[in-house]
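Residues per chain are reported as follows:
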Amino acid sequence: MMPYAPVLVTGPTDTTDDLDALQAATYGVALTTGRTAVAATHTAFDVSQFAALYVAGPLVWDDADSGFVSTLLQGEAFMIGAPVEPIPAEPADGPTFCNHCFEPDETHPVRVGEAWVPLCMGCLRAARGNVAGDTAPILFVGDDATELGDLRAAAFDACDQLGATVVVAEHGNYDVRRFSAVLTWSPTRRAVASPLVAEALLCGLTVEPWDANDGRPAPVMQCSTCDTGREVDPVWVAERGAWVPSCKPCARRAGIADPMNFIVGLAA
């Protein structure tokens, strides 16, 4: 393979679950190979610009449907003689190199756009910088078995009790550096395994399991828009996928007559 050249990871992309699985596989490839790994979520990639194509799911010669994107990219790779490999299960032998400073060091994949980039801790901290401050929203992450409606309802409680904007992680395409913390939640109270959680820990973010009954003191609630001490309620802002603390005047100005109505139909 070409030194330091990124690799492309393809697989089924038909559903949201497929896309999440592809991101998880891409994270795994970056972790095991030590190379920048790009998730092929569409067909507009030039396979010749990558050192190899890794396939999450069926190869084209398997007796199974590998999906349109994966089938097309695998075909292009075969035509130009590019390596086509299954997802590696074990780390590659030899030292790993940071894909930013290119110094030999232990690396951790960090999400950058459509790519997972292995970075050393020094470059990781520098990349994080001051993107998010204490006033940044909180990311609320569930496990694979959590229904979206249940996750939103639990995030509502977090927003209501913490007085902070809480973004519901409905997919894996979030830059964790833009959040002040990550809260995890599972209806079965099991540990949440997610690339988002792994990236947050590596970026030095606080990651805590959310328990609505942990007895923590209620904060002084302020509207996230006008910063006044008016009574606030969590308002669902669909464009942000988030619960936002808002007073009723600001909610009305935003076209929301009654913030609490957003509880109705959460599971729809």
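Just above sits the structure.
Quick look at the nonpolar core
Counting residues in hydrophobic clusters, the biggest one holds 21 residues, and the most contacted among them are Leu-8, Leu-53 and Leu-73. For this core, the elements supplying multiple residues, two or more each, are strand E3 (53–55), helix H2 (68–80) and strand E6 (115–119). Every residue in contact with Leu-53, bar those within four places of it in the chain, is listed here: Leu-8, Thr-10, Leu-73, Gln-74, Ala-77, Pro-83, Val-84 and Glu-85. Of all hydrophobic cores here, the second largest spans 16 residues; its members include Tyr-174, Val-182, Leu-205 and Ala-242.

Here's the deal with helix H5 (residues 195–202)
Where H5 is concerned, the buried positions are Leu-196, Val-197, Glu-199, Ala-200 and Leu-202. Gly-204 sits one or two residues past H5 and shows a positive phi near 85 degrees.

Topic: the pattern of salt bridges
A full pass over the atoms with the stated rule returns 3 salt bridges. Arg-152 is paired through a salt bridge with Glu-170; the nearest N and O atoms lie 2.8 Å apart. Note that Arg-152 is positioned in helix H4 (residues 148–162) and Glu-170 in the loop between strand E8 (166–168) and strand E9 (181–185), a separation of 18 residues in sequence. Note that Arg-178 and Asp-175 form a salt bridge whose closest N and O atoms lie 3.9 Å from each other. Overall, the relative accessible area of 19% leaves Asp-175 in the buried class.

Remarks on the sheet that holds E6
One open sheet holds the 6 strands; their spatial order is E4-E3-E1-E2-E6-E5, and the pairing between them is mixed. Each edge of the sheet is formed by a strand with only one pairing partner; in this case those strands are strand E4 (84–86) and strand E5 (108–112). Here the average twist between neighbouring strands, direction ignored, is 30 degrees. Note that E3 and E4 share 3 bridges and pair parallel.

Observations regarding the sheet that holds strand E12 (residues 242–247)
In space, the 6 strands of this open sheet follow the order E10-E9-E7-E8-E12-E11, with mixed pairing throughout. The open sheet has two free edges, formed respectively by strand E10 (206–209) and strand E11 (232–237), since each of these has just one partner strand. For this sheet, the mean angle separating the axes of adjacent strands, direction not counted, is 30 degrees. Bridge count between strand E7 (residues 138–142) and E9: 5 bridges; the pairing is parallel. Paired with Ile-138 across the strands is Ala-181, a residue of E9.

A word on the packing of aromatic side chains
If you walk through the whole model with that rule in mind, you get 5 aromatic pairs. Here a set of aromatic residues connected by ring pairs shows up, and it is made of Phe-156, Trp-236 and Trp-243.

Overview of the environment of Arg-152
Among the residues examined, Arg-152 registers a relative accessible area of 17% and is labelled buried. Note: C-alpha distance between Arg-152 and Ala-242 (90 residues apart in sequence) is 8.6 Å.

What to know about helix H1 (residues 16–33)
End to end, H1 covers 26 Å across 18 residues, agreeing with the expected 26 Å (1.5 Å per residue, within 8%). Within H1 the residues assigned to the buried category are Leu-22, Gln-23, Ala-25, Thr-26, Tyr-27, Val-29, Ala-30 and Thr-32. Buried residues in H1 make contact with strand E1 (7–10), strand E2 (37–39), E3, E5, E6 and H5. The first or second residue beyond H1 is Gly-34, which carries a positive phi of 75 degrees.

Criteria and thresholds
Residues numbered from 1 in each chain as written. Predicted model: local features only at pLDDT ≥ 70, side-chain atom pairs only at ≥ 80, totals over all residues. Heavy atoms only, no water. Core = buried A, V, L, I, M, F, W, Y, C linked by side-chain atoms within 4.5 Å. Buried < 20%, exposed > 50% of the residue type's maximum accessible area, 1.4 Å probe, protein only. Helix = DSSP H or I, 4+ residues; strand = E, 2+ residues; numbered from the N terminus. Contact = heavy atoms within 4.5 Å. Salt bridge = Lys/Arg side-chain N within 4 Å of Asp/Glu carboxyl O. Pairing = 2+ DSSP bridges. Axes fitted to C-alpha atoms, helices over the stretch in contact; angles between N-to-C directions. Phe/Tyr/Trp six-rings, centres within 6.5 Å; stacked < 30°, edge-to-face > 60°. Expected span 1.5 Å × (residues − 1).

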